[in-house]
Every structure is written in C-alpha cells, then in structure tokens.
Amino acid sequence: MEQHHISEGLKERKAAEACLKTSFFGNWKPDNDSAAHHHEKAGQHFKLGKSYTEALTSYVEAAKYYNACRVLYSVGKCHEAAAACANELGRFEDAHSHLERAGDFYT
C-alpha cells in the first residue's frame, strides 16, 4: 500500500515538472500555480507512503512556487507540513526553521 502512494507521488512530481516546461508554440511562461499544487499533492502522497525525505522536498518546492505566485497562506501551509516531515525524520532544527518560516507567512 505504501508503494502505491509513493508511485502516485512520483506521478504528481512528474506532472509538476510538466507544468514548468515552456515552448515556443505552447506555454510562454511556466505555470507556477499548477506546479505548486502538484508538488503539494506529491508531498501528501509521499507522506502517506512514509517517505518523509521525499515529502519534505516536495513541500519545500511547493512553497517556493506558491511564493512565486504570491499565495502566502499556502506557502505557510507547505512550510508547516515540511516541519512535520522534518520532525518525523528527527531533524528538529529543520522543523523549527520551517515553523518559523510558516509563521512569517501567516502574519
């Protein structure tokens, strides 16, 4: 069951990369909002699959793309989820820094 969630997370990550591609005839600009959404869903799938390192990187990427779109509440939400993943990994300093960043975006 966990492997199923990890494979779904990889699919979502691939969809996020596809949203960022630009071409001369198609998209002129990368779609940061959709990429952020797909990275956040990938983080959720990795978290369900107990692959916390992959979830952490997905949440950080989602926060980066949400910040590019200026969706500040979602940036804070992604940093909060990244802090939970870092806490599960035992990386308490990283969890603390992610929670501080989440607080900066919530205010």
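All of these numbers come straight from a predicted model, not from anything done at the bench.

Draft legend 1. Representation of the packing of aromatic side chains. The tally for this structure, following the rule as stated, stands at one aromatic pair. Centre to centre, the rings of Tyr73 and Tyr106 are 5.6 Å apart; their planes meet at 45 degrees, and the pair counts as tilted. Here Tyr106 lies in helix H5 (residues 92–106) and Tyr73 lies in helix H4 (residues 72–89), a separation of 33 residues in the sequence. On the basis of relative accessible area, Tyr73 is assigned to the exposed category, the value being 56%. Among the residues examined, Tyr106 registers a relative accessible area of 37% and is labelled partly exposed.

Draft legend 2. Geometry of the environment of Glu93. Its place among the elements puts Glu93 in helix H5. For Glu93, a relative accessible area of 63% gives the class exposed. Along the primary structure Glu93 and His45 are separated by 48 residues, whereas in three dimensions their C-alpha atoms are 24 Å apart.

Draft legend 3. Molecular detail of the nonpolar core. With 12 residues, the main nonpolar core is built from Ala42, Phe46, Tyr52, Ala55, Leu56, Tyr59, Ala81, Ala82, Ala83, Cys85, Ala86 and Ala95. When residues of this core are traced back to their parent elements, those giving at least two are helix H2 (32–48), helix H3 (52–69) and H4. If one sorts the elements of this core by residue count, H4 sits on top with five residues. If sequence neighbours within four positions are ignored, Leu56 has contacts with Ala82, Cys85, Ala86, Leu89, Arg91 and His98.

Draft legend 4. Highlighting the state of the cysteines. Inspection of the entire model under this criterion finds zero disulfides. Note on Cys78: no disulfide assigned, nearest cysteine sulfur contributed by Cys85 at a separation of 11 Å. For Cys85, a relative accessible area of 0% puts it in the buried group.

Draft legend 5. Geometry of the pattern of salt bridges. The final tally for this structure, using the stated rule, is five salt bridges. Lys11 is the salt-bridge partner of Glu8, the closest N and O atoms lying 3.6 Å from each other. Taken as a pair, Glu8 and Lys11 lie in helix H1 (residues 2–20) at a separation of three residues, close to a single helical turn. Lys11 gets classed as exposed once you look at its relative accessible area, which sits at 54%. For the salt bridge of Asp94 with Arg91, the shortest nitrogen-to-oxygen distance reads 2.9 Å.

Draft legend 6. Representation of H2. In this model, H2 (17 residues) spans 24 Å end to end at C-alpha, consistent with the 24 Å of a helix rising 1.5 Å per residue. Taken residue by residue, H2 has Ala35, Ala36, His39, Glu40, Ala42, Gly43, His45 and Phe46 as its buried positions. Against H1, H3 and H4 lie the buried residues of H2. Phi for Lys50, located one or two positions after H2, is positive at around 60 degrees.

Draft legend 7. Representation of unusual backbone geometry in the model. Backbone geometry places Lys50, a non-glycine residue, at a positive phi of 60 degrees. Tracing the sequence through the fold places Lys50 in the loop between H2 and H3. The phi angle at Arg70 is positive, at roughly 65 degrees, despite the residue not being glycine. Considering the arrangement of structural elements, one finds Arg70 in the loop between H3 and H4.

Here is what the cut-offs are and how they apply
Residues numbered from 1 in each chain as written. Predicted model: local features only at pLDDT ≥ 70, side-chain atom pairs only at ≥ 80, totals over all residues. Heavy atoms only, no water. Phe/Tyr/Trp six-rings, centres within 6.5 Å; stacked < 30°, edge-to-face > 60°. Helix = DSSP H or I, 4+ residues; strand = E, 2+ residues; numbered from the N terminus. Buried < 20%, exposed > 50% of the residue type's maximum accessible area, 1.4 Å probe, protein only. Core = buried A, V, L, I, M, F, W, Y, C linked by side-chain atoms within 4.5 Å. Contact = heavy atoms within 4.5 Å. Disulfide = S-S within 2.5 Å. Salt bridge = Lys/Arg side-chain N within 4 Å of Asp/Glu carboxyl O. Expected span 1.5 Å × (residues − 1).

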